[in-house]
Amino acid sequence: MTDACKACAFFETTEAKAADAGLCHFNPPAPTSDKESRWPAVSADDWCARFEAQAK
Ligand code: SF4
């Protein structure tokens, strides 16, 4: 699938914990159970209906 997170404008890999993972920056960081806020972690091959292609 080409409309995957790895090709999305909102996919961020700077703080990725694995080569096939990243963070979704579509929404602001959300509070977690440890009282910190984090961007949602996504797999490079995940996708959602908010996909937006990266600028070339
Ligand atoms: S979850 Fe949706 S908006 Fe976020 S990076 Fe993946 S396709 Fe883009």
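For the structure itself, look to the data block above.
The structure contained in this document is the topic of the report that follows. Because the structure is predicted, anything quoted here is derived from the model rather than measured. (Residues numbered from 1 in each chain as written. Predicted model: local features only at pLDDT ≥ 70, side-chain atom pairs only at ≥ 80, totals over all residues.)

Overview of the overall build of the protein
The test is simple: Numbering of helices and strands starts at the N terminus; helices are DSSP runs of H or I of at least 4 residues and strands are runs of E of at least 2. Comment: burial labels come from other C-beta atoms within 10 Å of the residue's own C-beta, placed from the backbone, where a count of 20 or more is buried, 12 or fewer is exposed, and between is partly exposed. Think of it this way: build a C-beta for each residue from its backbone, and any pair within 7 Å is a contact.
Helices and strands together make up the secondary structure of the protein, namely 0 helices and 5 strands. For the protein, buried positions account for 9% of its 56 residues. For the protein, restricting intrachain contacts to residue pairs at least 6 apart in sequence, the fraction spanning at least 24 positions comes to 42%.

Quick word on the environment of Cys 5
Note on placement: Cys 5 falls in the segment before strand S1 (11-12). Separated by 45 residues in sequence, Cys 5 and Arg 50 have C-alpha atoms that sit 9.9 Å apart. Apart from residues lying up to four places away in sequence, Cys 5 is in contact with Phe 11, Gly 22, Cys 24, Val 42, Ser 43, Ala 44, Asp 46 and Trp 47.

Observations regarding the site of the ligand
Selection rule: Nearness is defined per residue: the C-beta atom, placed using the backbone, must lie within 6 Å of the molecule or strand. Three classes are used, and their members are as follows: Ala, Val, Leu, Ile, Met, Phe, Trp, Tyr, Cys and Pro are nonpolar, Asp, Glu, Lys and Arg are charged, and the others, Gly among them, are polar.
What surrounds the ligand is the set Cys 5, Cys 8, Phe 10, Phe 11, Cys 24, Phe 26, Val 42, Asp 46, Trp 47, Cys 48, Arg 50 and Phe 51. The residue inventory of the shell around the ligand, partitioned by class, reads 10 nonpolar, no polar and 2 charged.

Some thoughts on the environment of Val 42
Counting through the fold element by element, Val 42 comes out in strand S5 (residues 41-43). Expressed as a C-alpha distance, the spacing of Val 42 and Asp 3, which sit 39 residues apart in the sequence, is 14 Å. Among residues more than four places away in sequence, those in contact with Val 42 are Cys 5, Ala 21, Gly 22, Leu 23 and Cys 24.

Re the pairing of strand S2 (residues 21-24)
Our working definition: Should DSSP find at least two bridges between two strands, the strands are regarded as paired.
One ladder, built from 2 bridges, connects S1 with S2; its direction is antiparallel. The residue bridging Glu 12 from the neighbouring strand is Leu 23, located in S2. Inspection of the sheet shows S2 paired to S5 by 3 bridges, in the antiparallel sense. Each residue of the ladder has a partner; that of Gly 22, found in S5, is Val 42.

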